[in-house]
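Each chain, letter by letter, is given below.
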Amino acid sequence: MSANMHIFENASALAEALADDVGARLAAAIAARGTASLAVSGGSTPKAFFQSLSRREIDWPKVTVTLVDERFVPPENERSNHRLVADNLLKHRAAEARFVPLYYAAETVPAAAAIASQKTADLGAPLDVVVLGMGTDGHTASFFPGGSRLGEALDPATPRGVITMEAEGAGEPRLTFTFSSLQDAGYLVLHIEGSKKEVLAQAEAPGAEAEMPIRAMLRRAASPLQIYWAP
Ligand SMILES: O=C1O[C@H](COP(=O)(O)O)[C@@H](O)[C@H](O)[C@H]1O
């Protein structure tokens, strides 16, 4: 698998360039099929990128946005990735996009995952654009080291869909797309900043995927991994 590094002077320049590149690919998908799908990550890194993308002149009513992963909390919770996307991406022109959450107020986390799998199934496969983040522990999506279902999540034989994940470093129980759902995206992005470049270097070194799950994407993704980094 190949990876392409996109290096920028600062986070603001990265946010603008990534918004341009993602916008162009969403527009191309709409031109080709009449619709486009975008799966984004949460956390704190993507905020400026979301704000830039929200203003791009795209045919947003034809775009479906979802999450790569989610904490099992309602959207009003400050830990919610849905809340981060609602507050920073689904505004301005992008307010017209369709959003499909991963969190559902089901009786159990597995029940919520089953609903999320069903609700996201109509996004089609492969997804047009996936934007991954990475934790300092080398997790991506909710593929955490020591995760309760990490092996299943990373197994290419595991069907596309959303599964649960629990791990010491994850906080709440998680809902995450599987590796098979993400790895063949039309445009597969890893967005990291600052000292995470050193974490990436560790991940690029020999070692088990289970120790740094981002390695699964670096080594086995069908799509070239477009790595966007700024100091
Ligand atoms: O918990 C999560 O963390 C990762 C990394 O977040 P960052 O703020 O360090 O970039 C994120 O990619 C993931 O979606 C999120 O659930």
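Residues numbered from 1 in each chain as written. Predicted model: local features only at pLDDT ≥ 70, side-chain atom pairs only at ≥ 80, totals over all residues. Heavy atoms only, no water.

A few words on the overall build of the chain. Across its full length, the chain carries eight helices and ten strands. Across the 231 residues of the chain, 55% fall into the buried class. Across the chain, the fraction of contacts at a sequence separation of at least 24, relative to all contacts at a separation of at least 6, is 73%. Split by element, the accessible area of the chain, about 9600 Å² in all, is 51% carbon and sulfur. Side chains of the chain carry 21 positive and 27 negative charges; the gap between the two charge centres is 3 Å. (Helix = DSSP H or I, 4+ residues; strand = E, 2+ residues; numbered from the N terminus. Buried < 20%, exposed > 50% of the residue type's maximum accessible area, 1.4 Å probe, protein only. Contact = heavy atoms within 4.5 Å. Areas by Shrake-Rupley, 256 points an atom, 1.4 Å probe, with all protein chains shown as cover. Lys, Arg positive; Asp, Glu negative; His and termini not counted. Charge placed at Lys NZ, Arg CZ, Asp CG, Glu CD.)

In this section: helix α4 (residues 109-120). Counted at 1.5 Å a residue, the expected span for α4 with its twelve residues is 16 Å, and the 16 Å between its end C-alpha atoms agrees. Along α4, the residues that are buried comprise Val 109, Ala 112, Ala 113, Ala 116 and Thr 120. Looking straight down α4, one finds that the buried residues subtend no more than 100° of arc, so they occupy a single side. Exposed residues pointing more than 90 degrees away from the buried face of α4 are listed as Pro 110 and Gln 118. Where the residues of α4 are buried, they touch β3 (63-67), β5 (98-100), β7 (162-165) and β8 (174-177). For α4, the N-terminal cap is Thr 108; the gap from its side-chain oxygen to the backbone nitrogen of Ala 111 is 3.0 Å. (Expected span 1.5 Å × (residues − 1). Arc of directions from axis to C-beta. Polar contact = N/O pair within 3.5 Å; in protein donor to acceptor, adjacent residues only side chain to side chain.)

Here we take up the pairing of strand β2 (residues 36-40). Here β2 lies mainly inside the structure; five of its five residues are buried. Burial along β2 is two-sided: Ala 36, Leu 38 and Val 40 facing one way and Ser 37 and Ala 39 facing the other are all buried. Relative to β3, β2 is paired through five bridges, and the arrangement is parallel. Counted as the bridge partner of Leu 38 is Val 65 from β3. For the crossover from β2 across helix α2 (residues 47-53) to β3, the handedness is right-handed. (Pairing = 2+ DSSP bridges. Right-handed = clockwise from strand over helix to strand, strands pointing away.)

A separate point is the sheet that holds β8. Spatially, three strands are ordered β4-β8-β7 in an open sheet, and the strand pairing comes out antiparallel. Of all the strands in the sheet, the pair left with one neighbour each is β4 (69-71) and β7. In this sheet, adjacent strand axes meet at a mean angle of 20° when their direction is disregarded. Here α4 sits on the sheet and contacts β7 and β8; the angle it forms with β7, its principal contact strand, is near 155°. (Axes fitted to C-alpha atoms, helices over the stretch in contact; angles between N-to-C directions.)

What follows covers the site of the ligand. Taken together, 13 residues lie around the ligand, and Gly 42, Ser 44, Thr 45, Asp 69 and Lys 196 are the ones closest in. Backbone polar atom of Ser 44 to an oxygen atom of the ligand: 2.5 Å apart, as the coordinates give it. A distance of 3.0 Å separates an oxygen atom of the ligand from a polar atom in the side chain of Arg 71. A total of 390 Å² of accessible area belongs to the ligand in isolation, and the protein chains cover 90% of it. Residue composition of the shell around the ligand, grouped by class: one nonpolar, eight polar and four charged. (Near = heavy atom within 4 Å. Nonpolar A, V, L, I, M, F, W, Y, C, P; charged D, E, K, R; others polar.)

Honestly, it's all geometry; don't read function into it.
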